[in-house]
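# Structure at a glance
Here is how the chains run, residue by residue.
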Amino acid sequence: MAQETDEEISETAAGENPPEARADHPNPAIRAVAEKDIGSAIAVAGHPIHAMLVHFPIALVICTLGIDLIYWWTGDPFWVDVGLWSASAAFIFGVLAAIVGTLELLAVPGIRVRVASWNHAVAAMVLLAVAGANAGLRLYWPEQILPNGLVLSALASVATGFAGWHGGKLVFDHGVGLLISTRQ
């Protein structure tokens, strides 16, 4: 096994922390960003409420896509009703998660200054708009589920992946909303 040089080790270490999160970055503006508070302002017992709520719309958006595929395959009208409930619940829980997420974004300066926060917020708002359109289509024009509802479900699933990627980036790369034990 080859020995790593000091240069390779420092390159590896530098790659583990994003530039905007490093307190030792040569740019003073980036250092200032890294020093801002990133703890959750809207939490229960140290657990961020936004992080607890987003699981519901994520799961329901993906389930709605699965329901649409089953409906396409079987043609059973039962799946029309299931899809309406799933898409509607995805939208309602998405609105709740968006309200809490927006309050968190506005309340914590360390979250607001990170680019990934705004990427996540924009992707989540696009997702919310598509999920609302999907629920509305099912409520008012159920005959349009195939193909329009299926397309909206697929688009919502892609937006979910993009919003989730940036939300995960905030947590895993930037440590946003993490409760750090004082014993560590």
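Model, not experiment: these values are computed from the prediction.

Across its full length, the protein chain holds eight helices and two strands. Reading the helices (α) and strands (β) of the protein chain from amino to carboxyl end gives α-α-β-β-α-α-α-α-α-α. Out of the 184 residues belonging to the protein chain, those deemed buried represent 34%. In the protein chain, once contacts between residues fewer than 6 apart in sequence are set aside, the share between residues at least 24 apart is 69%. For the protein chain, the accessible area works out to roughly 11200 Å², and carbon and sulfur atoms hold 69% of it.

Omega for the peptide link from leucine 146 to proline 147 comes to 10°, which places this bond in the cis form. Summarising the element assignment, proline 147 is placed in helix 8 (residues 145–172).

Let us now look at the pattern of salt bridges. A side chain with one charge may pair with a side chain of the opposite charge, provided their charged atoms come close. One pass over the full model with this rule turns up one salt bridge. Here arginine 138 ties to aspartate 68 by a salt bridge, and the two come within 2.4 Å at their closest N and O atoms. One end of the pair, arginine 138, is in helix 7 (residues 115–140); the other, aspartate 68, is in helix 4 (residues 55–74), with 70 residues separating them in the sequence. By the burial criterion, arginine 138 is buried, and aspartate 68 matches it.

Low pLDDT means the predicted coordinates in that region are not meant to be read closely. In the predicted model, the protein chain carries a mean pLDDT of 84, and 78% of its residues have values of at least 70. Mean pLDDT values over the elements of the protein chain span from 47, in helix 1 (residues 6–16), up to 97, in helix 4. The low-confidence segment residues 8–19 (pLDDT under 50) makes nine contacts with residues lying over four places distant or belonging to another chain. Within the model, pLDDT remains below 50 along residues 180–184, and this stretch shows zero contacts once partners closer than five positions in the same chain are excluded.

Let us now look at the side chain of serine 153. The residue serine 153 is located in helix 8 in this model. Residue classification places serine 153 among the buried positions, given a relative accessible area of 1%. Those residues in contact with serine 153 that sit more than four places away from it in its chain are Thr64, Leu65, Asp68, Asn134 and Arg138.

Turning our eyes to something else, we now look at the nonpolar core. With 11 residues, the main nonpolar core is built from Val61, Tyr71, Val80, Ala90, Leu127, Val130, Leu137, Ile145, Leu152, Ala156 and Ala159. At the level of secondary structure, the elements contributing two or more residues to this core comprise helix 4, helix 5 (78–107), helix 7 and helix 8. Per-element accounting of this core gives the leading share, four residues, to helix 8. Apart from residues no more than four positions distant in its own chain, alanine 90 is found in contact with Pro57, Leu60 and Val61. Counting seven residues, the second largest nonpolar core, distinct from the first, contains Leu105, Val108, Ala116 and Leu170.

As a further point, take the packing of helix 7 against helix 8. Interhelical geometry of helix 7 versus helix 8 gives an angle of 160° and a closest axis separation of 8 Å. The orientation of helix 7 with respect to helix 8, classified from their angle, is roughly antiparallel. In the packing of helix 7 onto helix 8, the handedness of the crossing is left-handed. Here the residues of the contact of helix 7 with helix 8 sort into 15 nonpolar, 10 polar and two charged.

Reading the values: the criteria
Residues numbered from 1 in each chain as written. Predicted model: local features only at pLDDT ≥ 70, side-chain atom pairs only at ≥ 80, totals over all residues. Heavy atoms only, no water. Helix = DSSP H or I, 4+ residues; strand = E, 2+ residues; numbered from the N terminus. Buried < 20%, exposed > 50% of the residue type's maximum accessible area, 1.4 Å probe, protein only. Contact = heavy atoms within 4.5 Å. Areas by Shrake-Rupley, 256 points an atom, 1.4 Å probe, with all protein chains shown as cover. Salt bridge = Lys/Arg side-chain N within 4 Å of Asp/Glu carboxyl O. pLDDT = per-residue confidence, 0-100. Core = buried A, V, L, I, M, F, W, Y, C linked by side-chain atoms within 4.5 Å. Axes fitted to C-alpha atoms, helices over the stretch in contact; angles between N-to-C directions. Parallel < 35°, antiparallel > 145°, perpendicular 65-115°, else oblique. Left-handed = near helix turned anticlockwise from the far one by under 90°. Nonpolar A, V, L, I, M, F, W, Y, C, P; charged D, E, K, R; others polar.

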